[in-house]
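Coordinates in review
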Amino acid sequence: MTAIAVMGILLAACNSSAGPVLTLYNGQHTELTAALADRFTAESHIAVAIRSNDGVVLADQLLSEGSHSPADVYFTENSPELMNLEDHHLLAKLPARLLSSVPSEDVSPGGEWIGVALRISCMVYNPSLVTSHNLPRSLLDLAESKWDGKIAIAPTDSDFVPLVGAMLHADGPAATRSWLAAMKSHAHLYQNDESVTNAVNDGEAAIGIINQYYWYRLRLEVGTQGMHSSLAYFPNHDVGSVINISGIALLAHAPHPGAGLAFIRFVVSSEGQKMLASGDDFEYPVLPGVAPNAALPPLSTLPTDRIPVTELGNDEAAATLLQTSGLS
Amino acid sequence: MSLASPALTDSPTARKGRIPTPPAALIAVCALVDLLVLIPIGITLHEALKDGVPHAAHLLASTGSWNLIGNTVEVALIATPLCGILGTVEAWLIERTAIPLKAVWSVLLVAPLTMPLFVTSYTWAHLGPLFQGEPGAIGIIVVSYSPLVFLLVSAALRGLDHALEEVAQSMGSSPLKTFFSVVLPQLWPALLGSMLLVGLDALVEFDAFVALSFQTVSTSIYAQYQTSFSSSGAAVLSISSILCCLILLAGERLLRGNRNYTRLAHGALRPIQLSPSMRTLPIRLGLLIIFAGVGIALPIATLIYWFTSGSSLALNLASLSIQALPASTLTSLMLGVSTAACTVLLAFPVALLITRHPTFLANMMERTVFLAFALPDLVAAIAISSGASTVTPWLYETVPLLIYAYVILYIPLAVVALRTSLGQIEPRLEDVARTLGSTPLGVIRRITIPLARPGIGAAAVLVFAFVLGDLSTTQVLSPPGMTTLGTEFWSNSSTVAFAAAAPFALALALLAGIAAILLMRWFGKRR
Amino acid sequence: MSELRCSGLTKAYGSREVISNLDLTVPDGSIVAIVGPSGSGKTTLLRSILGLVAIDRGTIHLGDSELTHGRTRLVPPHRRAIGYVPQEGALFPHHTVLENVGFGLPRKERKDVTRIDHILSIVGLNANYRNRRPHELSGGEQRRVALARALAPSPSCVVLDEPFTGLDASLRQTTRTAVAAALRATHATAVFVTHDQQEAFSLGDYIGILRNGTISQFGQPEDVYREPADPETAQFLGETNILTGTITKNHANTALGKLPILGHLADGPAHILIRPEQLHLHGSARPDDAGMQVHGRILSITFFGAHSLISLAVNGIYPKQILAHHQGHVPWDAGEDVFISLTGRAACFPAPARTPADPEGAIGRTPQQGG
């Protein structure tokens, strides 16, 4: 009996901490989101309740909740999830003024989500295993047999699918399939980009395919003296240089659309974007005029082969190909 | 309502194959438990088959899932017997040989079970390729779940009459032969029961296999969410996991034959005289050091290394993250305690039914509880989220719903712990209490519960530890804004902030250690 | 009035009938021993009386109240007020002696120390035992506490299941005496089951023989021993020689000699039952009684202390071995020839048309031991 009474008290205690106004489903790094939400709450007096999980899982949860979802805003690391929710008519149209505040290639063509931050795919390499001038000239070159056993990839990381999508778009399914087959036989497979970065840094592999910010985060974590690796970018117009957009959207059935929109405005405002740039996230802010973290090279100096996000779509074709190749 | 209608006051004794009819009220409560367990399975099946069976079959065929099912079954088939052997060896070393500091070794051997699997696997993932892929997957199941076998088999060993072994040895049987001919047959129910749990867990393990880059049905379910962006693909894949679960349940029943979990009561057991063999002591100690070293010292050492070797900036971040430690510890504790209490409350009638009235119906009802392990956590959580958000929105994103999910995920563990304990209660004690004027409920209150206390404690601690170690369910079903030690660890470790993640992992390890000590105090009690 | 009456009790497990149309009346205030081999339904009978087993047919009455009526009425065990002393006592291990004895009392009386001390004194234990735990008690003390626990709520009937099994000989004797005294002191009607004839004879006012699920004989111990209802009962109650012979004018003529019979039996062939203690052995023929003397050869001698059991081969006797008791020192060795004389009366049963097919079953046999 005592146990049941104690339980009741505990349950009540758990519940009393709830009662927020705005519900945010967050697939972005929790630390960044929490900092943004705290500042937003301080300024607007709107409390934010955050559910953090993998962006893909959150998208599926939003789909299964449908119109009953308690979520107001969805914030994620990759655009395909947003495209998918848009296809399912679960997102609300954003005001044109808001959309036009950032470059048009960083927003949904349908106007239902807006980009927040950018990052670029690149190579991390271990100079003791491969010299910088011996690095491959293209992502496709990694299929060559000389890289057998020297590459580290994370095919199950959501950052990997857009690369496959870009390749599919540029070179067609046959070439993509044979490249994936080569990866399957050549590469060391890791759980995610963090592990790939670690592996190359520790000398387990010569080259790893990652998004650039993981390398900076690792450097922050272990210090410069702990870094035994460098970053290298693929040349311009190579499929290896894919820009991933982290975006945010208002749910069509949001219980608090006003508060949700206010939060989105805040995140892409110059204040929110500056917080992003000054934090430890190492992503590029989308808002023109906001400088990225000083540690990063300016975005304009980086080689990019911008494939419109509409072309990448919701990634379904790429992901299916990836799955049939046996990599994920 | 009284638990006994007049025609149903048959005794709890199950001697000589006489099986008393279970009271209707007990059946009703157990049916309710079964129903709670079946809800997410029902939702998942509905989701999987909503476009018709042919569509589901097509999806299943097109995902290349045979390969995945092969992987899954392979790991379960290799890891489960290994767990059985390892756990039994550990139990034998502790219960039947002279080892110094037995209590300490017992706790160290149990600790890997209470240590959250996502922490252990995360440390393994950073130890190099040897600990990854299939060997890693098999290894982590063996290391983390063999303590379950150890717990149940050593409890069974303690309950065995040592005289039988002495008789066999006096007739010239070697210790090894004695073990296989006399001891093993009697341990069989406990061994099979615990191996069943291990096998079921291996089938649906998610966090650990993701961390170790090993693809099984449950990890590919994540890929399904990614590709089809619909739970129906994941639900279809789950059908294969449900089928595997059913096959395992049937297989265990077949192997167990007519042996029951209940055991004939007997008088006081004589204390065992252990012959201290100094010759094999180094070997035995060596084995224990290896088991405990891989199981618990390795992950803890990795965590401490992370915490101490980070850059000053990282440590700065870590010191910030520590501020969140008290709140998330408190939440984890509250969730663990409330879930443990609810789970034990619901598991008790099921364990009572199977030990006191082992009829066919009771067997089926108990088996049904094990179907809780048929779905990968993520699928079960999404199913509950989809059901609750549409049918009971007032319950959605509340702590009670989260606890419900935990309860049905971990209730088989509680049933097994309680079943063992209830089976060891002398049935005549309950009979005597009846004749002394106690009602059936009075007997449960005054005799059964006090005597089953070790099992109740063990069940609660097991569930508590597994709730601490849960990630998928918490992330999907917790009220937004709520953080636990597990979610904090995940948040930090997924952004390479190892030093910041380490305090949460260490707090989890500390709680796991306390849980292991309590578990051994209650379940490892010498009768 | 607390006479216990069972009539027409029947209970089957599956297709096997364990209790078949059993009738039993235990007179008010008396102690009845139910004795039977293992598997005879003793435990099921006890559990039916306690209400722990639902019977298929028949009724059980205690005094004026009907406890069981087939499948239609079953007063649950906790409303029967029948005390139960299970095998080995089965004390509650998580309770002290005080708590064990007080278990069945109303809540307020459970801690009434003087009352519980009084009950303990009835079973011969002093107040020092009050705070001990069951594992601190000897086997005999455990049985006594179990009886005290059963007697505490003042039941009108007590049921005991093999109350002295597992105790060594000396403890058995003292415990038996203490239990008997306690039962007499409380005037409770008592039923106990046992497989041990000695126990049944020494403790029961009446004994009932339970065979194949029914009471095959009921009566005072000596009557049952001397005049068993059938040869099987006779064998169960102790070592017996069963011989074939003929009856003429209430005398049995056997190869061992001639004896008056108990009761009446028409002249003709019969099985004649002679207990080993009715046989006397002599080193030489006794001239005064030549007509009743037979000659036998000693096959083996088993020493039992006060007496010895001697098995003999007697010419012309089928079965080939007969058993005799000899008090005190046995002055012969195996292989020697002795003379046999008979005393007392013989119980006899009409012989079936053909001779017994099973020679083992017809010879003197040691009663069954063990559970």
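Above this text you will find the structure in question.
Figured I'd write up the structure that's included with this text.

1. Quick look at the overall build of chain B
A count of helices and strands for chain B gives 23 helices and zero strands. In chain B, the proportion of contacts linking residues at least 24 apart, taken out of those at least 6 apart, comes to 84%. Taken as a whole, chain B presents about 18,600 Å² of accessible surface, with 72% of it coming from carbon and sulfur.

2. Brief notes about the nonpolar core
Ranked by internal contacts, the top residues of the largest apolar core, which has 280 residues, are A:I114 and B:I141. The element contributing the most residues to this core is helix α17 (residues 399-423) of chain B, with 19 residues. Not counting the four nearest positions on each side in its chain, A:I114 is found in contact with A:L94, A:L98, A:L99, A:V102, A:D106, A:V107, A:S246, A:G247, A:I248, A:I264 and A:V268. Of all hydrophobic cores here, the second largest spans 41 residues; its members include C:L183, C:A188, C:F236 and C:L237.

3. Overview of the packing of aromatic side chains
Residues and elements named next belong to chain C. Under the criterion given, the structure shown has 16 aromatic pairs over all chains. Ring geometry for Y206 against F218: centres 5.6 Å apart, planes inclined by 15 degrees, an arrangement best described as stacked. With Y206 in strand β10 (residues 206-211) and F218 in strand β11 (residues 214-219), the pair connects residues that are 12 residues apart, well separated along the chain. Using a relative accessible area of 24% as the deciding quantity, one classes Y206 as partly exposed.

4. Describing the interface of chain C and chain B
Residue-level contacts link 30 residues of chain C with 25 residues of chain B. Approximately 2,500 Å² of surface area, both sides summed, lies buried where chain C meets chain B, with 59% of it carried by carbon and sulfur atoms. When the buried area of chain C at its contact with chain B is split by residue, C:L52, C:H78 and C:F103 rank highest and sum to 24% of it. The tally of links from chain C across to chain B stands at two salt bridges. When the shortest N-O distance is used, the salt bridge between C:E88 and B:R428 registers 3.9 Å. There are five residue pairs in polar contact (both at pLDDT 80 or more) connecting chain C and chain B. When residues of the side of chain C that touches chain B are traced back to their parent elements, those giving at least two are α1 (42-50), β7 (82-85) and α4 (139-151) of chain C. A total of three residues in the side of chain C that touches chain B trace back to one element, the largest contributor, which is α1(C). Split by residue class, the side of chain C that touches chain B holds 18 nonpolar, seven polar and five charged.

5. Structural notes on the packing of helix α5 (residues 117-125) of chain B against helix α22 (residues 485-493) of chain B
Residues and elements named next belong to chain B. Their axes nearest at 11 Å, the elements α5 and α22 cross at an angle of 25 degrees. Of the possible angle classes, the one that applies to α5 and α22 is roughly parallel. The crossing of α5 and α22 is left-handed. From α5, F118, V119 and Y122 reach across to α22, where they touch G486, F489 and S493.

6. Some points on the sheet that holds strand β4 (residues 57-62) of chain C
Residues and elements named next belong to chain C. If you trace the five strands from one edge of the open sheet to the other, you get β2-β1-β4-β5-β6, paired in antiparallel fashion. This sheet does not close on itself; its edge strands, each paired only once, are β2 (16-26) and β6 (73-74). Where strand β1 (residues 4-13) lies against β4, five bridges are found, and the strand directions are antiparallel. Note that in β4 the partner of L4 across the bridge is L62. On the sheet, α1 packs against β1, β2, β4 and β5 (65-69) and is oriented at approximately 120 degrees with respect to β1.

7. Considerations on the sheet that holds strand β15 (residues 268-274) of chain C
Residues and elements named next belong to chain C. The antiparallel open sheet is built from five strands, whose spatial order is β14-β13-β12-β15-β21. Across the chains shown, the open sheet's two edge strands, defined by having one partner strand only, are β14 (257-260) and β21 (347-350). Pairwise comparison of adjacent strand axes, ignoring direction, gives a mean angle of 40 degrees for this sheet. The pairing of strand β12 (residues 241-248) with β15 spans seven bridges and is classified as antiparallel. Each residue of the ladder has a partner; that of I242, found in β15, is L273.

8. Focus on the pairing of β7(C)
All names here are of chain C. Judged by which residues are buried, β7 turns out to be covered on both faces: I82 and Y84 on one side and G83 and V85 on the other are all buried. Here four bridges tie β7 to strand β8 (residues 157-161), and the two strands are oriented parallel to one another. Residue pairing in the sheet places G83 in a bridge with V158 of β8.

9. A few points about the pattern of salt bridges
Counting across every chain of the model gives 25 salt bridges over all chains. Where C:D337 meets C:R297, a salt bridge forms, and the shortest distance between an N and an O atom there is 2.9 Å. Remark: C:R297 occurs in strand β17 (residues 294-303) and C:D337 occurs in strand β20 (residues 337-342); sequence separation between them is 40 residues. C:D337 gets classed as partly exposed once you look at its relative accessible area, which sits at 30%. One salt-bridge network, held together by shared partners, links B:E252, B:E366, B:R367 and B:R419.

10. A closer look at the side chain of C:H282
Topologically, C:H282 is positioned in strand β16 (residues 279-282). The contact partners of C:H282, leaving out residues within four places of it in the chain, are C:W332, C:V338, C:F339 and C:S341.

11. Regarding unusual backbone geometry
Positive phi, normally seen in glycine, also occurs at A:H89, with a value near 60 degrees. For C:N212, which is not a glycine, the phi torsion comes out positive at approximately 50 degrees. Tracing the chain through its elements places C:N212 in the loop between β10 and β11.

The rules behind these values
- Position labels on residues start from 1 in each chain and follow its written sequence.
- Ligands are numbered from 1 and chains lettered from A, in the order in which they are written.
- At least 70 in pLDDT is required for a residue's local features to be given in this predicted model, at least 80 for side-chain atom pairs to be given and counted, and no such filter applies to totals for whole chains, interfaces and linings, which use all residues.
- Here the side-chain values reflect all heavy atoms present in the structure, with hydrogen atoms and water set aside.
- Helical segments are the DSSP runs of H or I of at least four residues, strand segments are the runs of E of at least two, and each set is numbered from the N terminus.
- Here a residue-residue contact requires only that any non-hydrogen atoms of the pair lie within 4.5 Å.
- Exposure was quantified through the Shrake-Rupley algorithm and a 1.4 Å probe, taking into account, for residues, occlusion by the shown protein chains and nothing else.
- Nonpolar cores are built from buried Ala, Val, Leu, Ile, Met, Phe, Trp, Tyr and Cys residues. Side-chain atoms within 4.5 Å join them into one set.
- The buried label goes to any residue with under 20% of its type's maximum accessible area, the exposed label to any with over 50%, and the partly exposed label to all in between, with areas taken from a 1.4 Å probe on protein chains only.
- In this scheme Phe, Tyr and Trp rings, the latter by its six-membered ring, pair at centre separations within 6.5 Å, and the angle between planes marks the pair as stacked below 30 degrees, edge-to-face above 60, and tilted otherwise.
- Buried area: the accessible area, evaluated with a 1.4 Å probe, that two parts lose upon being put together, summed over both parts.
- A pairing counts as a salt bridge when a side-chain nitrogen of Lys or Arg comes within 4 Å of a carboxyl oxygen of Asp or Glu.
- Polar contact is defined as a pair of N or O atoms within 3.5 Å, subject to the rule that within protein one atom must be able to donate a hydrogen and the other to accept it, and that residues adjacent in sequence are counted only when both atoms are side-chain atoms.
- The residue classification treats Ala, Val, Leu, Ile, Met, Phe, Trp, Tyr, Cys and Pro as nonpolar and Asp, Glu, Lys and Arg as charged. All others, Gly included, are polar.
- Note on geometry: axes are lines fitted to C-alpha atoms, helical ones only across the stretch in contact, with angles between N-to-C directions running from 0 to 180 degrees.
- Should an angle lie under 35 degrees it is considered roughly parallel, over 145 roughly antiparallel, and from 65 to 115 roughly perpendicular; all remaining angles are considered oblique.
- Two helices cross in a left-handed way if the nearer one is turned anticlockwise from the farther one by less than a right angle. They cross in a right-handed way if the turn is clockwise.
- In short, DSSP must find at least two bridges between two strands for them to pair.

As far as function goes, none of this settles anything; it's purely spatial.
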